[in-house]
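# Residue-level structural notes
The primary structure of each chain is shown beneath.
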Amino acid sequence: MSEMRKEIIELLNSDISAYRINKDTGVNAATVQTLRSGDIKLDNITFKNAERLAAYAENHL
């Protein structure tokens, strides 16, 4: 598993709200919520969103 994927999974499992992630990264809160619920898979998000989430996780976890 890649380091980026691990960071994103850790972020999704954190107590940081989808709203806060949205405000700090620009990634839609609904996207964060659907990733958390499993309705969409991490493999299906854009690379741009993956980069934003990984960078955020690196700096906030």
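This one's a predicted model, so the numbers in the text were calculated from it and none came from an experiment. (Residues numbered from 1 in each chain as written. Predicted model: local features only at pLDDT ≥ 70, side-chain atom pairs only at ≥ 80, totals over all residues. Heavy atoms only, no water.)

### Side note on the nonpolar core
With 16 residues, the main nonpolar core has Ile8, Leu11, Ile21, Val32, Leu35, Ile45 and Leu53 as its most contacted residues. Elements represented by at least two residues in this core include exactly helix 1 (3-12), helix 2 (18-25), helix 3 (29-37) and helix 4 (47-60). Per element, the largest residue contribution to this core is five residues, and it comes from helix 4. Ignoring any residue separated from it by four or fewer positions in sequence, one finds isoleucine 8 in contact with Leu42, Ala50, Leu53 and Ala54. (Core = buried A, V, L, I, M, F, W, Y, C linked by side-chain atoms within 4.5 Å. Buried < 20%, exposed > 50% of the residue type's maximum accessible area, 1.4 Å probe, protein only. Helix = DSSP H or I, 4+ residues; strand = E, 2+ residues; numbered from the N terminus. Contact = heavy atoms within 4.5 Å.)

### With respect to the side chain of threonine 25
One can find threonine 25 in helix 2. Of the polar contacts made by the side chain of threonine 25, one reaches the backbone oxygen of isoleucine 21; its length is 2.6 Å. For threonine 25, the side chain forms a polar contact with the main-chain nitrogen of valine 27, separated by 3.0 Å. Residues contacting threonine 25, with those up to four places away along its chain left out, are Arg52 and Tyr56. (Polar contact = N/O pair within 3.5 Å; in protein donor to acceptor, adjacent residues only side chain to side chain.)

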